[in-house]
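Overview (structure and organization)
The residues making up each chain are set out below.
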Amino acid sequence: MKKLFALLLSGFLPLLAQNANKTTQGICLCPLPKNTLSIKANYNRINDTIDILNIKEQELGSRNFGAMGDASGFDISLGYGINDYSAIYYDFEYLGVNYADTKLKNKKNNIFTKINLYHNPKNIFQTFSIDFGVTLNSADDLDIKKVSTLNSMLQKMKPGTSIKFNGTGLEFKGSTLTIFDQDGVLPPFIRIANMSDTSFFIRGLTGIKFQNSILQLYSGLKTTSIESLITLEPSNSQIIADAIKEFGLLDLNRDEKTLFAGFNYALKYQDFIFEAGYEYLKIFGRESKLDATDDNHILNGSISKNINEDFRVFIGGKAMLNQFNGVIPYLYNEYTKHKYEKKYGYAKIGFIYNINLDALGNL
């Protein structure tokens, strides 16, 4: 029995070593080694200068509701090897995106545990692991105040409505209505509130290890609960209350499910690691009024330089062929759905650092 265990472990350790540094895509086949802490941080950016693949070109000049503009943000990821067969990971992502004449500030929290269920070095697919986790996206309320954007949104949300913004008040049923407070005229506006989504997911992973590279394959399912609300403000005004009777409060809450599958390929050459990844999302369970774009293709790539065994730096990029569909679920609704047939993405630069806590304790 001891010889059999030693044989299994001898095949497992090289594969573990290849995965000791969490991949830049954040999905890896094997757990971190026991009592190892992994830290990954990167800065993300997209603007007209960095947009070398013309990912954002289709959005240039657009200020319509749902259109994405320049963005910047950062990711911080932590991983900890609980034992030789399990690990826990936490990712925080912040992304600020120019969105409908304002800035959307999305905060993403992702936590999951990885369990290695099976390993046999004699098989082509030597290892099978499974991830269980939860992802939460959220953003502060957005106040839309530009007149042209407001009137465009109104016509989208209630075609033919008699309500019209004029910069100082509302034109409603043939009358111009102005709201005052203690500081004077208070122009009305539209607020997008309570933006958030919560997803629970399960992901299975396997892979093939070659001499200097590894191919990781995965698939899974996530269920998502989405909250979002569009209101006319200031809601405590009687004029607004009368207008809301026609406009209504637009409750965009819903549930949906997503099947996903993809691969990551990592090739080591001297002190460099080249990574390429692809993921396909198929979304279902939406109402018929949301039918427009029900999938997404996500591409990731990076080049890493090993500074030493525990530290490496990388540059790379991420591209989504249908914007944030299935990635930030609350952004997709019946009023933005036709904006999701466009590409979006950003460049990234960062580092990964592993700390062997056992070795640290022996210092």
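These numbers were taken from a predicted model, which means no experiment stands behind them. (Residues numbered from 1 in each chain as written. Predicted model: local features only at pLDDT ≥ 70, side-chain atom pairs only at ≥ 80, totals over all residues. Heavy atoms only, no water.)

Some thoughts on the pattern of salt bridges
The cut-off we apply is this: What makes a salt bridge here is a side-chain nitrogen of Lys or Arg within 4 Å of a carboxyl oxygen of Asp or Glu, nothing more. For every residue, the accessible area (1.4 Å probe, protein chains only) is compared with the maximum for its type, and the residue is labelled buried under 20%, exposed over 50%, or partly exposed between those bounds.
What the rule picks out here adds up to 10 salt bridges. One salt bridge connects Arg254 with Glu256, and the closest N-O pair in it is separated by 3.1 Å. The same class applies to Arg254 as to Glu256, namely buried. One salt bridge connects Glu275 with Arg312, and the closest N-O pair in it is separated by 3.4 Å.

Observations concerning the nonpolar core
Quick reminder of the rule: Grouping buried Ala, Val, Leu, Ile, Met, Phe, Trp, Tyr and Cys residues that are joined through side-chain atoms within 4.5 Å yields what is termed a nonpolar core. Each helix corresponds to a stretch of at least 4 residues labelled H or I by DSSP, and each strand to a stretch of at least 2 residues labelled E; elements are numbered beginning at the N terminus. Contacts are residue-level and defined by heavy atoms, with any inter-residue pair within 4.5 Å sufficient.
Counting residues in each nonpolar core, the largest one holds 51 residues, and the members touching the most others are Leu104, Ile190, Ile230, Phe324, Tyr330 and Leu331. Examining the composition of this core, we find that five residues originate from one element, strand E13 (residues 213-233), more than from any other. Excluding residues that lie within four positions of it along the chain, Leu104 makes contacts with Leu95, Gly96, Val97, Tyr99, Ala139, Leu142, Met195, Tyr330 and Leu331. Grouped together as the second largest cluster of nonpolar side chains are six residues, Cys28, Ala87, Phe112 and Phe201 included.

Some points on the sheet that holds strand E8 (residues 169-172)
What counts here: Between any two strands, at least two bridges found by DSSP are needed for them to pair.
A sheet is described by the order of its strands in space; here three strands give the open sequence E7-E8-E9, paired in antiparallel fashion. On the outer flanks of this sheet lie strand E7 (164-165) and strand E9 (175-178), each paired with one strand and no other. Relative to E9, E8 runs antiparallel, the two sharing four bridges. Within the sheet, the bridge partner assigned to Gly169 lies in E9 and is Thr178.

What about the confidence of the model for the protein chain?
Note the threshold: Residue-level confidence of the predictor is what pLDDT reports, using numbers from 0 through 100.
Per-residue confidence for the protein chain gives a mean pLDDT of 82, with 83% of residues at or over 70. Scored below 50 in pLDDT, residues 1-20 makes 36 contacts in the model with residues more than four places away or belonging to other chains. Under a pLDDT of 50 for its full length, residues 59-63 has, in the predicted model, 11 contacts with residues more than four places off or in other chains.

Points about the environment of Val313
As for its placement among the helices and strands, Val313 is situated in strand E18 (residues 311-320). Sequence-wise, Val313 and Ile303 are 10 residues apart; in three dimensions their C-alpha atoms are separated by 8.5 Å. Excluding residues within four positions of it along the chain, Val313 makes contact with Ile303, Ser304, Lys305, Ile307, Gly350 and Phe351.

Side note on unusual backbone geometry
One non-glycine residue, Asn35, lies in positive phi territory at about 60°. Of note, the phi angle at Asn194 is positive, near 55°, even though the residue is not glycine.

Section: the side chain of Asn42
Note the following rule: Whenever two N or O atoms come within 3.5 Å, that pair is a polar contact, provided that in protein one can donate a hydrogen and the other can accept it, and provided that, for residues adjacent in sequence, both atoms are side-chain atoms.
Tracing the sequence through the fold places Asn42 in strand E1 (residues 36-46). On the basis of relative accessibility, which here comes to 5%, the residue Asn42 falls in the buried class. A distance of 2.8 Å separates a polar atom in the side chain of Asn42 from a polar atom in the side chain of Asn44.

Describing empty space enclosed by the protein
Defined as follows: Using only the protein atoms, space was sampled on a 1 Å grid; points where a 1.4 Å probe fits but cannot get out form cavities, open sets with protein on both sides within 12 Å along at least five of seven lines form pockets, and lining residues are those with an atom within 4 Å of a point. Grid points are joined across faces, edges and corners, and a volume is the space filled by probe spheres set on the points.
If you walk through the whole model with that rule in mind, you get three cavities of 30 Å³ or more. Each pocket or cavity is described by its volume, and for the largest cavity that value is around 770 Å³. Taken together, 36 residues form the lining of the largest cavity, with Gln25, Ile27, Lys108, Glu279 and Lys318 sitting closest to its centre. Here the lining of the largest cavity takes four residues from strand E16 (residues 272-284), the largest share from any one element. Estimates place the volume of the second largest cavity at around 130 Å³. Forming the boundary of the second largest cavity are 15 residues, of which Glu93, Leu95, Asn106, Ile328 and Tyr346 lie nearest the centre. At the level of elements, strand E2 (68-83), strand E3 (86-99), strand E4 (102-119) and E18 are the ones that each hand at least two residues to the lining of the second largest cavity.

Side note on the pairing of E4
One ladder, built from 14 bridges, connects E3 with E4; its direction is antiparallel. Along E4, the bridge assignment pairs Phe92 with Asn109. Between the antiparallel neighbours E3 and E4 lie two residues, among them Ala100 with a positive phi of about 50°. Sheet topology places E4 next to strand E5 (residues 127-139); 13 bridges connect them, and they run antiparallel. Bridged to Thr113 within E5 is Phe132.

Things to note about the state of the cysteines
Here a disulfide denotes one covalent bond, and it connects the sulfur atoms of two cysteines. Test applied: Note on terminology: disulfide denotes any pair of cysteine sulfur atoms within 2.5 Å.
Counted by the stated rule, this structure contains zero disulfides. With no disulfide of its own, Cys28 lies closest to Cys30 among cysteine sulfurs, the gap being 7.8 Å.

Concerning the packing of aromatic side chains
So the rule is basically this: Ring pairs shown here join Phe, Tyr and Trp side chains whose ring centres sit within 6.5 Å, with only the six-membered ring taken for Trp; geometry is labelled stacked below 30 degrees between planes, edge-to-face above 60, and tilted in between.
Summed over all chains, the structure comprises nine aromatic pairs. For the ring pair Phe74 and Phe92, a centre distance of 6.0 Å and an interplane angle of 45° mean the geometry is tilted. Of this pair, Phe74 sits in strand E2 while Phe92 sits in strand E3, and the two are 18 residues apart along the sequence. Linked through ring pairs, Phe74, Phe92 and Tyr94 together constitute an aromatic cluster.

Topic: the pairing of E16
Side-chain alternation along E16 places Ile273, Glu275, Gly277, Glu279, Leu281 and Ile283 on a buried face and Phe272, Phe274, Ala276, Tyr278, Tyr280, Lys282 and Phe284 on a face that remains uncovered. The pairing of strand E15 (residues 254-269) with E16 spans 13 bridges and is classified as antiparallel. Note that in E16 the partner of Tyr265 across the bridge is Ala276. Counting the residues that bridge the hairpin from E15 to E16 gives two residues, and of these Gln270 lies at a positive phi of roughly 55°.

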